[in-house]
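# Coordinates in review
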Amino acid sequence: AFNRKEVKDHGEGGNIVGAPLAGKVFIVDDVITAGTAVKEAHAIIAATGAEVAGLVISLDRQEVGSDSRSAVQELEQSLRIPVTSIVELEDLIDLLEESPEYEEFLDPVLQYRQKYGINS
């Protein structure tokens, strides 16, 4: 299922498309910035009586959140759910350091980590 940005009054209608939400549900997202979309999805799922079992994200950019924790750590603790990432920024940096064909991307990614990363 996925969360529509606005409620539709045609087709399937509502703000959720897909299978009915029931039992344990995982939220899947690409990346986390402030966690707003995840918090909205969590509220929608909880309102149906289903339980959020966790969050899976494709890339953990390991960005600083609103305090000294990462944005992902903030979500884990505020929503009390496990967050699993397929790839972390450090994995991407390791790949770029080891792959001459991608070396042009290393410096911009390192600059990004320096500016936004939890290790800044």
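Details of the structure are given in the entry above.
Note that the coordinates shown come from a computational prediction; the quantities given were computed from them, not determined experimentally.

Where two aromatic rings form a pair, the distance of their centres and the angle of their planes describe that pair. Counted according to the given criterion, the structure contains one aromatic pair. Centroid distance Tyr 112 to Tyr 116: 5.1 Å. Interplanar angle 50°. Geometry classified as tilted. Remark: Tyr 116 and Tyr 112 occur in helix H4 (residues 106-116); sequence separation between them is four residues, near one turn of the helix.

One ladder, built from five bridges, connects strand S4 (residues 51-60) with strand S5 (residues 83-88); its direction is parallel. Pairing of Asp 60 across the sheet is with Glu 88, part of S5. Handedness of the crossover is the feature at issue here: the chain leaves S4, passes through helix H2 (residues 71-79), returns alongside S5, and the resulting connection is right-handed.

In this section: helix H1 (residues 36-47). Taking 1.5 Å per residue as the helical rise, H1 with its twelve residues ought to reach 16 Å, and the 17 Å between its terminal C-alpha atoms agrees with that figure. Restricting attention to buried positions, one finds in H1 the residues Val 38, Ala 41, His 42, Ile 44 and Ile 45. Each buried residue of H1 sits inside an arc of 165° when the element is viewed along its axis, so together they form one side. Where H1 terminates, the next one or two residues include Gly 49, which has phi positive at roughly 95°.

The grouping of Leu 95, Tyr 102 and Phe 105 at the surface amounts to a nonpolar patch, some 280 Å² of accessible area in total. With respect to the helices, strands and loops of the structure, Tyr 102 is situated in the loop between helix H3 (89-98) and H4. For Tyr 102, a relative accessible area of 36% corresponds to the partly exposed category.

What counts, and at which threshold
- Residues numbered from 1 in each chain as written.
- Predicted model: local features only at pLDDT ≥ 70, side-chain atom pairs only at ≥ 80, totals over all residues.
- Heavy atoms only, no water.
- Phe/Tyr/Trp six-rings, centres within 6.5 Å; stacked < 30°, edge-to-face > 60°.
- Helix = DSSP H or I, 4+ residues; strand = E, 2+ residues; numbered from the N terminus.
- Pairing = 2+ DSSP bridges.
- Right-handed = clockwise from strand over helix to strand, strands pointing away.
- Expected span 1.5 Å × (residues − 1).
- Buried < 20%, exposed > 50% of the residue type's maximum accessible area, 1.4 Å probe, protein only.
- Arc of directions from axis to C-beta.
- Patch = residues over 30% accessible without salt bridge, like charges linked within 9 Å, V, L, I, M, F, W, Y side chains within 5 Å.
- Areas by Shrake-Rupley, 256 points an atom, 1.4 Å probe, with all protein chains shown as cover.
- Salt bridge = Lys/Arg side-chain N within 4 Å of Asp/Glu carboxyl O.

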